[in-house]
Each structure stands twice: as C-alpha cells, then as structure tokens.
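Residue-level listing of the chains:
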Amino acid sequence: MADIQTEVARRRTFAIISHPDAGKTTLTEKLLLYGGALQLAGSVTARKNQSASASDWMELERKRGISVSSTVLQFDYEGARINLLDTPGHKDFSEDTYRVLTAVDAAVMVIDAGKGIEPQTLKLFEVCRLRGIPILTFMNKLDRETKDLLELVDEIENTLQLHAFPVNWPMGVGQRFKGVYDRTTKEAHMFERAARGAYKAPVRVAGIDDPAVKAALDADSYHHFVEQIDLLEAAGATFDRADALKGGTTPVFFGSAVNNFGVELLLKALVAEAPPPAARASTAGPIEPARASFSGFVFKIQGNMDPKHRDRVAFVRICSGRFTRDLSVTHSRTGKSYRLANAHKIFGRDREIIEEAYAGDVIGLVGYSDFGIGDTLGEDPKIVYDEIPRFAPECFARISNPNPAKYKPFAKGLEQLLREGVVRALVPRDAGDAKATLLAAVGPLQFEVAQFRLLSEYGVESRLEPMAWTIARWVGPNTKPWAVDAAALPMQSARVKDEEGNEMILFPTPWSLQYLSEKHPEIELLRLPPSRSQKN
C-alpha cells in the first residue's frame, strides 16, 4: 500500500480558465500530448480534418467547436499525478466553471496575446482570487501578431493587481516566432513546426549568444528580443514562489498551443511550481489531505455521458485519505451509508474502474442518484465541506412539453438536467402556466443545451418561451416576513422561490431593482443566496 503522504505530495490538480477562443481547449489537448496521454493531438479549430477533442464529448460541443461542460483528464508526468479539469470557456457556462474552481489547487490562465485580458478572463480570475488559488499564466497565440509584450505584462499587473513574473520570453512574434528564452536557466528553446501541431514540436536548446539563435531570427527580431531581455533583467525582479503560492504573483509563460511551442515548459512548471493538495475547511475544522480517513465532496453531476446507458456520474474531489474500491462512506446530507463500488476515472467519453485514489484526485461515481452538487462523502460523518457557491441567474424562460404523449421522458430528462445544474428551476408565487417550468440560467446558451439534450438523449421536443427578467436577487434573512408582502413591487417584477425554498425577486431592468431598493430599504436584497449559517 502506497504511503498517503507521498501520494498526496505528487498530486497536481488544476483547471484551465480563459475567455472564449483564447485557446484553452487546444492547450488542454497539447498538455495531454506532452503528458503522454495522447499520441495524436486533436484540434478544435480544424475538426473536419482532425480527430475530435478528447475533452469535448458532447455532440453539441463537437458541432459548435466549443466546450460547454467540464471534464476531468488524468495523466502522469515526471513523477507527478496530474488532474487536469477542463472547463467551459463560454460565458454562458461560467457557473459550471465556478463549481470546478472549488475542486482545484491551482489554475492556468490562458490569454490571447493579440487581445490581452478579456471580460471572461477577468471574471474567472476574480473567482480564483476569492478562493486564493495560485495562477500560472500562458500567453497564447504568439504565432500571430500580438500586442506589445511588455504592455501585456503591465496589463496583468494593472488590471488584475497581480505581480507578473515572465519566466520565459518569446523570440519573435507572428510568422517570426521561433522559440522562447527561459530566464531561469538562461537557455533559448527553438521550436520547429510539427504538421498541424499534431505531434510534439522538435526543439533545440542553446544559449542566447549562440550563433544558432541569431541565425533563427531576422536581425530586427533578434535586436528587439535582446533589448527586451535586457529591460527585464535591469528591472531586477525575482520570482517569489511563496507569494505565487498565495496567489499574489503569477509566473508568465509565452507560446503557441496550436503549434506546441512552449507547452512542455508550461507543463514542467506546473509540476515544479503548482502546489499539492492542502488542508480544506470543514465543519470539523481544517482537514489535512494526508489524514487517514477518506473524505471528499461532489462538485459536478453529469448525466448520459455514455449514450449507450442512461447513467449519471457524480464527480468527487477527494480532500483527504485514500479511496479504495468498495469503500463504505456516509452521505452527509441524508446520513445514509453507501459502498462505493462503481468508481471510475473519466477521460472524455472513456472510463475505467478505479481501484484506489488519493487526496487531490477526482473520481467519477456512476449510478448514485441521491448524490447532489455540494454533498460531502466520507468515513467520518462529522466532516462536511463548505457548500458549492451559487450565482444569480440573468436569463429566464418557461419550458414546456408540446407533446402530451411524451410526458414521462420529458419529465425524466428535465429532472436530470436540473440535478446536473445545467439550468435551474424556480417556483413562481403566481404559478401561471401549470404545464410549464420556469427555468433560470447564467446565459441563454444553457437553454439551448437543455433543449438539445432533451431531444438527443430523451427523444423529446420542447417549447421555450423567453421571459423579460434580467436580474435576480435573493431576499436576505434580515428581512421581516411581512416586508415583501407589504411592498408594491415594480412593474413586471416577480416573486419566486429557488430549489431550496429561498425567496427571490426577479427584475426586468436595473432601474426596477434600484427603485425597490430605494423605496423599501427594509427589504434586504442579496446577489448570492443566503448561506446556512445566515439562515440559522
């Protein structure tokens, strides 16, 4: 039996975050390629000519060329066990990404070097900052024309209020991009393009003054490159690893994921600089990962990953101890005991039975219908981890079944999607159309996914009626029970309850929200739902 402390120390569990189209899923593929998990890298930008991305298993993802669900990819590299959580880049699925960020110990922030920091990057960074997650930055798409490189570094510092330390620096940009110079080893890594980026890029390593480096670049690019290196060195900044582990400094790497340039250097840095699992807060106090007893929490539910079976996978982040097949655990929310006999390692559509796993790993539990997002599983029933955060929806619609003969599959499919958190259901104070369900989502594409999956997985059509509300607020626990009843809500506003029975008010415009806040200060309005401690 392996030593728990040793196994925990070699775990690296991280997510990749970015604005849409920054190259996140392509980078995921290339990390798998360099990690030995793939022999041939797929490319989401040329799906017609290459294999589909391993992390994009849903038919809609393959059709749209985007990630709309999070997947878990595990592989070994240089003695480390890597758990890579690929997340949706599209802003409509940011809530799924927020949940994934509760399950990781570090993040890789991918930035398009031609665009700099974009809105979704900033939004996801703020979630990482709130959780104190260390971030490594990958400046992508150096094979295209970019913004001024020094300005990109300044943008990280000024926009994110985060110290940026360039670990390497590109040798040329666009068509003249030939490699990167590692400032820590004083070595230049010169890359050769692989056919369609499907294989590892051949690389030569030399010193900055080596004739091969000068020969690889044109005179202007070489002069500009050396000048920038001199400026960086003159600044005298050094990499503060302790500050990076606290989330105050980000090591910055440059490259081109589509061409495999700089990917391996990033992977090596993840092993060297990203932290292993740390203690987690719980109702029983901080839980150390090397603790003997097993514990973990469910951060994602995914149904019908295998089209041959209508199964359901609960993704569990292990927080402490050692998991073994057939382990008996307590389900904290219900108090029931379960034997975990059906645990899998999930790799896109592929899966294999897991015999053992350790803190930092993510396992997929198949077929446990009682498990929900945020639930704790463990050998010690006193341990309950903090609940998964929820965020205010911004889009609303009524969904109904146009075919009464399909009532049962429609109801079953909608129930499954609600359990997964693909969309949320609200209960209006005025029930309205009893045959329709009021849905809420962060973005409208979530509704499209819900309808697509109802049709493709359950064979049922659905009718969607968009609603005019754009803002949701929870009524806070400091509000007197009679206050909302006595208030005159603005026109077209509505009172509803969420799936946990918390009262909410939906507003059509920011003006209507402001009006109610000013006219009725006795009504406490919250952007996030009240926590259990607030309600108690």
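Here we summarise the structure given alongside this text. (Residues numbered from 1 in each chain as written. Predicted model: local features only at pLDDT ≥ 70, side-chain atom pairs only at ≥ 80, totals over all residues. Heavy atoms only, no water.)

## A short note on the packing of helix α11 (residues 407-420) against helix α12 (residues 445-458)
Remark: α11 packs on α12, axes separated minimally by 10 Å, with the N-to-C direction vectors making an angle of 130 degrees. Classified by the interaxial angle, the pair formed by α11 and α12 is oblique. At the point where α11 passes α12, the crossing takes the right-handed sense. Residues P409, F410, K412, G413, L414, Q416, L417 and E420 of α11 lie in contact with α12, whose contacting residues are A450, R453, L454 and Y458. (Axes fitted to C-alpha atoms, helices over the stretch in contact; angles between N-to-C directions. Helix = DSSP H or I, 4+ residues; strand = E, 2+ residues; numbered from the N terminus. Parallel < 35°, antiparallel > 145°, perpendicular 65-115°, else oblique. Left-handed = near helix turned anticlockwise from the far one by under 90°. Contact = heavy atoms within 4.5 Å.)

## Things to note about helix α6 (residues 149-160)
In this model, α6 (12 residues) spans 16 Å end to end at C-alpha, consistent with the 16 Å of a helix rising 1.5 Å per residue. For α6, every residue scored as buried is listed here: L149, L152, V153, E155, I156 and L160. Along the long axis of α6, the arc covered by the buried residues comes to 150 degrees, so they all point the same way. Turned more than 90 degrees away from the buried face of α6, the exposed residues are E151 and N158. The N-terminus of α6 is capped by D148, whose side-chain oxygen sits 3.2 Å from the backbone nitrogen of L150. (Expected span 1.5 Å × (residues − 1). Buried < 20%, exposed > 50% of the residue type's maximum accessible area, 1.4 Å probe, protein only. Arc of directions from axis to C-beta. Polar contact = N/O pair within 3.5 Å; in protein donor to acceptor, adjacent residues only side chain to side chain.)

## Topic: empty space enclosed by the protein
Going through the model one piece at a time under the given rule, you end up with 4 cavities of 30 Å³ or more. By volume, the second largest cavity amounts to about 60 Å³. As for the second largest cavity, its lining consists of P134, I135, L136, F239, R241, A244, L245, P251, E273 and A274. At the level of elements, β5 (135-140) and α9 (241-245) are the ones that each hand at least two residues to the lining of the second largest cavity. With 3 residues, the single largest contributor to the lining of the second largest cavity is α9. Among the residues forming the lining of the second largest cavity, the class breakdown is 8 nonpolar, no polar and 2 charged. (1 Å grid on protein atoms, 1.4 Å probe; cavity = no way out; pocket = protein on both sides within 12 Å on 5 of 7 lines; lining within 4 Å. Points joined across faces, edges and corners; volume = space filled by probe spheres on them. Nonpolar A, V, L, I, M, F, W, Y, C, P; charged D, E, K, R; others polar.)

## As for the packing of aromatic side chains
Within a pair of aromatic rings, the relevant descriptors are the distance that separates the centres and the angle that separates the planes. Counted according to the given criterion, the structure contains 14 aromatic pairs. Between W169 and F254, the aromatic rings sit 5.0 Å apart at their centres with planes inclined by 65 degrees, giving edge-to-face as the arrangement. Taken as a pair, W169 in strand β7 (residues 168-171) and F254 in strand β11 (residues 249-254) lie far apart in primary sequence, 85 residues in all. Grouping residues by exposure puts W169 and F254 together as buried. The interplanar angle of 20 degrees and the centroid separation of 5.0 Å between the aromatic rings of F191 and F261 together place this pair among those described as stacked. Taken together, the residues span a long stretch of sequence, with F191 in strand β9 (residues 187-191) and F261 in the loop between β11 and α10 (263-273) at a distance of 70 residues. The pair formed by F191 and F261 is uniform in burial state, with each residue classed as buried. Here the aromatic cluster, defined as three or more aromatic residues joined through ring pairs, consists of F177, F191 and F261. (Phe/Tyr/Trp six-rings, centres within 6.5 Å; stacked < 30°, edge-to-face > 60°.)

## With respect to the sheet that holds strand β23 (residues 424-428)
The antiparallel open sheet is built from 8 strands, whose spatial order is β25-β22-β24-β23-β27-β28-β26-β29. Unpaired on one side and paired on the other, β25 (463-466) and β29 (525-526) mark the two borders of the sheet. Of the strands in this sheet, β26 (471-475), β28 (503-507) and β29 touch helix α14 (residues 510-519), which is tilted by about 130 degrees from β28. (Pairing = 2+ DSSP bridges.)

## Considerations on the pairing of strand β27 (residues 494-497)
With 2 bridges connecting them, β23 and β27 associate as antiparallel partners. In the strand pairing of β27, V427 is matched with K497. Inspection of the sheet shows β27 paired to β28 by 4 bridges, in the antiparallel sense. The residue bridging A494 from the neighbouring strand is L506, located in β28. In this antiparallel pair of consecutive strands, β27 and β28, the connection spans 5 residues, and G501 shows a positive phi of 85 degrees.

## Here's the deal with unusual backbone geometry
The phi dihedral of K141 is positive, around 65 degrees, even though this residue is not glycine. Residue K141 is classed as buried on the basis of its relative accessible area, which comes to 13%. The backbone of Q492 shows a phi angle near 70 degrees, a positive value even though the residue is not glycine. Tracing the backbone shows Q492 in the loop between α13 (483-486) and β27. Given a relative accessible area of 58%, Q492 falls into the exposed group.

## Things to note about the pattern of salt bridges
As enumerated under the stated definition, the model contains 26 salt bridges in all. Of the charged contacts in the structure, one is a salt bridge between R453 and E420, with a shortest N-O distance of 2.8 Å. Separated by 33 residues along the polypeptide, R453 in helix α12 and E420 in helix α11 bring together distant segments of the chain. Residue R453 shares its accessibility class with E420, and that shared class is buried. The structure contains a network of salt bridges with shared partners spanning E7, R10, R11 and D361. (Salt bridge = Lys/Arg side-chain N within 4 Å of Asp/Glu carboxyl O.)

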